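Notes for the structure review
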Amino acid sequence: MKWDDFAGWGSRIADWAQDYHLTVGDKPVRARTEPGDVLDSLPLFPPESGEDMEAIFADFEEIVMPGITHWQHPRFFAYFTSNAAAPSVLAEFLTAAIAPQCMLWQTSPAATELETRMMDWLRQSLDLPGEFQGVIQDSASSATLAAVLTMREKALNWQGNQQGLFAQKPLRIYCSSEVHTSVDRAIWVAGIGQQNLVRVPIKGTWRGMDPAALRAAIEADIAAGLQPAGLILCVGGTGTGATDPIDDCLQIAEDYGLYSHIDAAWAGSAMICPEYRHYWPGVERADSIVFNPHKWLGVQFDCSAHFLKNPDDLVQTLAISPEYLKTHGKDGIINYSEWSVPLGRRFRALKIWFLIRSYGLEGLRDRLRNHINWSTKLHDTLALEPDFEIITPPMWSLWTFRYAPQGATDLDALNLALVNAINDDGRIYLTQTRVDGDLVIRFQAGQFETTEADVMMAHTVICEIASRL
Ligand SMILES: *Cc1c(COP(=O)(O)O)cnc(C)c1O
């Protein structure tokens, strides 16, 4: 293909994308393919000679699209949403065209400086104090890994990278039972070991860490000759929206000199609304905070916002600075690759800029508030159905329930059958989780174009399909 032909195809694809977003609500949400269907449709060998774009595009529609689960569907109520608001998709198109690699300031000064400003816009939007600085990571998992590595290096007086962990005292890191699996992986990759990740018991309707149990666990470790190194808290956990008592736990982190990291990957977006900030009182005491603007805020995937009270700790952990990466003669510049595990960096700040300017913070807040209000309304109506039990209450727009008709025996099997039947039906898409060992069904609303009617349709679908089981 020649660049001369690009504009024609570009506008054709833009038309396609607009039509896709306007009509995706008519499709079944979850893909209806069987395992191997797509694989079997693909040639076993790569072509030796070039093919026409027309043929490539036809196969995209015929082979790929039927195997897509529609994350931009207005009735996608599974997992958490991964939004793609129109202006951020346009920014991503531009980024794909320029394709800069933004590891250093000089490898695209505009990318670095736009990132600095966008992270400060996000910081202000969440009302975090000015002492926090930000960096865009590729995922919350990467941000959490970077935080765990920082915990490790700080606790080892910056000797872990040099000496390895073989001769060191075991380091201990504390979290609740509700944190995301990315925490476990960070602990593995950092060489700290699963057995040194201490799961502190939870209590209360927010399913948050019990501060007294945290203090007791730290004291017991110190008495046993182990070295407490860090605390990982969650705000809006993935299963049920579990939220730790931030202020109380961060006080304990300060008392024992632990580096602290807050994972608010999903719920962080809602903190642009002042009325939800009571969920993280004392957040300004944390060392590190991550949230994913690509989940609920509307930024096209991928984009993780990582705030740091003292970026020097992170840079001291991750910076290598060999001679060929140095940019000489420029003072006060930031090389963001020193703030992240991967060296290469995509230009992600542009899509934040386009999104925030296009909607304004008020426009974004309105959307989030609607999602929460409609989800709560759905919760209230399902709570009135005698055959359904609410298991966990709405945390922002996420809550869980269970189908428990009188006389039913194996509720786990029944609810799994219900989720599967709902997803086969295709009008809505839900996923399950476990709460205290029981299989329950999650509901969350957050797709950018969802309406009150879309959310309330879930009531009809859930009751109708349950009655048919
Ligand atoms: C989604 C999610 C993650 C993982 O995010 P990635 O960006 O995919 O790594 C981590 N923690 C929580 C609470 C999440 O909801």
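Quick caveat: nothing in here was measured; it's all calculated off a predicted structure.

1. Focus on the sheet that holds strand β10 (residues 388-395)
Taken in spatial order, the four strands of this open sheet run β10-β11-β13-β12, and their pairing is antiparallel. Each end of this open sheet is capped by a strand with a single partner; those strands are β10 and β12 (431-435). Each adjacent strand pair in this sheet contributes to an overall mean axis angle of 35 degrees, direction not counted. Alignment of strand β11 (residues 398-403) against strand β13 (residues 438-444), held across four bridges, turns out to be antiparallel. The residue bridging Phe401 from the neighbouring strand is Ile441, located in β13.

2. Quick word on the domain arrangement of the chain
Per the domain assignment, the segments making up the chain are domain 1 (3-73), domain 2 (101-346) and domain 3 (367-466). Of note, the centres of domain 1 and domain 3, computed from C-alpha atoms alone, are 31 Å apart. On the side of domain 3, eight residues touch domain 1, which itself brings nine residues to the contact. For the pair domain 1 and domain 3, the summed buried area comes to about 680 Å², and 46% of that belongs to carbon and sulfur atoms.

3. Considering the packing of aromatic side chains
Using the criterion set out here, one finds 24 aromatic pairs in the structure. Plain terms: the ring middles of Trp353 and Phe354 are 6.3 Å apart, the flat faces sit at 50 degrees to each other, and that makes the pair tilted. In textbook terms, an aromatic cluster arises when at least three aromatic residues are bridged by ring pairs, as seen for Phe77, Phe388, Trp399, Phe401, Tyr403 and Phe443. One Lys or Arg, Arg357, reaches over the ring of Trp353 and ends 4.8 Å from the middle of that ring.

4. Some remarks on the pairing of strand β2 (residues 171-176)
Along β2, six of the six residues are buried, which leaves the element largely enclosed by surrounding structure. Of the two faces of β2, the one carrying Leu171, Ile173 and Cys175 and the one carrying Arg172, Tyr174 and Ser176 are both buried. Where β2 meets strand β3 (residues 197-200), four bridges bridge the pair, whose relative direction is parallel. Looking at β3, one finds that Cys175 is bridged to Arg199. A crossover links β2 with its parallel partner β3, the connecting element being helix α8 (residues 181-189), and its sense is right-handed.

5. Notes on the packing of helix α12 (residues 349-383) against helix α14 (residues 452-468)
Interhelical geometry of α12 versus α14 gives an angle of 25 degrees and a closest axis separation of 9 Å. Judged on the interaxial angle alone, α14 and α12 are roughly parallel. The interaxial crossing formed by α12 with α14 has right-handed handedness. Listed contacts from α14 to Trp374, Ser375, Lys377, Leu378, Thr381 and Leu382 of α12 are Glu452, Val455, Met456, Ala458, His459, Ile462 and Cys463. Split by residue class, the contact of α12 with α14 holds eight nonpolar, three polar and two charged.

6. Focus on a nonpolar patch on the surface
A cluster of nonpolar side chains, contributed by Met1, Trp3, Phe6 and Phe93, occupies part of the molecular surface with about 510 Å² of accessible area. Its location among the elements puts Trp3 in the segment before α1 (6-23). Here Trp3 falls in the exposed class, since its relative accessible area comes to 66%.

7. Considering the nonpolar core
With 64 residues, the main nonpolar core has Ile262, Phe307 and Trp396 as its most contacted residues. Per element, the largest residue contribution to this core is eight residues, and it comes from α12. Both of domain 2 (101-346) and domain 3 (367-466) provide at least three residues apiece to this core. Among the nonpolar cores identified, the runner-up in size contains 30 residues, and Val148, Cys175, Cys234 and Ile334 belong to it.

8. Let's talk about the site of the ligand
Near the ligand there are 13 residues, and of these Ala140, Ser141, Asp263, Asn292 and Lys295 occur at the shortest range. The contact in question runs from an oxygen atom of the ligand to an N or O atom on the backbone of Ala140, over 2.8 Å. Here Lys295 contributes a side-chain N or O atom positioned 2.8 Å from an oxygen atom of the ligand. A total of 390 Å² of accessible area belongs to the ligand in isolation, and the protein chains cover 87% of it. Of the residues contributing to the shell around the ligand, the split by class is three nonpolar, eight polar and two charged.

9. Structural notes on the sheet that holds strand β6 (residues 227-234)
Sheets are built from strands that pair by backbone hydrogen bonding, the pairs being arranged parallel or antiparallel. In spatial order, the strands read β1-β9-β8-β7-β6-β2-β3; together these seven strands make up an open sheet with mixed pairing. Only two strands of the sheet have a single neighbouring strand rather than two, namely β1 (133-137) and β3. Taken over all neighbouring pairs, the strand axes of this sheet differ in orientation by 20 degrees on average, direction set aside. Both strand β8 (residues 288-291) and strand β9 (residues 304-308) contribute to a ladder of four bridges, which runs antiparallel. Note on β9: the bridge partner recorded for Val290 is His306. Sheet contacts for helix α6 (residues 140-155): β1, β2, β6, β7 (259-263), β8 and β9; angle to β7, the most-contacted strand, approximately 170 degrees.

Calculation notes
Residues numbered from 1 in each chain as written. Predicted model: local features only at pLDDT ≥ 70, side-chain atom pairs only at ≥ 80, totals over all residues. Heavy atoms only, no water. Pairing = 2+ DSSP bridges. Helix = DSSP H or I, 4+ residues; strand = E, 2+ residues; numbered from the N terminus. Axes fitted to C-alpha atoms, helices over the stretch in contact; angles between N-to-C directions. Domains from an automatic or database assignment. Contact = heavy atoms within 4.5 Å. Buried area = accessible area lost by both parts, 1.4 Å probe. Phe/Tyr/Trp six-rings, centres within 6.5 Å; stacked < 30°, edge-to-face > 60°. Lys NZ or Arg CZ within 6 Å of the ring centre and 35° of its normal. Buried < 20%, exposed > 50% of the residue type's maximum accessible area, 1.4 Å probe, protein only. Right-handed = clockwise from strand over helix to strand, strands pointing away. Parallel < 35°, antiparallel > 145°, perpendicular 65-115°, else oblique. Left-handed = near helix turned anticlockwise from the far one by under 90°. Nonpolar A, V, L, I, M, F, W, Y, C, P; charged D, E, K, R; others polar. Patch = residues over 30% accessible without salt bridge, like charges linked within 9 Å, V, L, I, M, F, W, Y side chains within 5 Å. Areas by Shrake-Rupley, 256 points an atom, 1.4 Å probe, with all protein chains shown as cover. Salt bridge = Lys/Arg side-chain N within 4 Å of Asp/Glu carboxyl O. Core = buried A, V, L, I, M, F, W, Y, C linked by side-chain atoms within 4.5 Å. Near = heavy atom within 4 Å. Polar contact = N/O pair within 3.5 Å; in protein donor to acceptor, adjacent residues only side chain to side chain.

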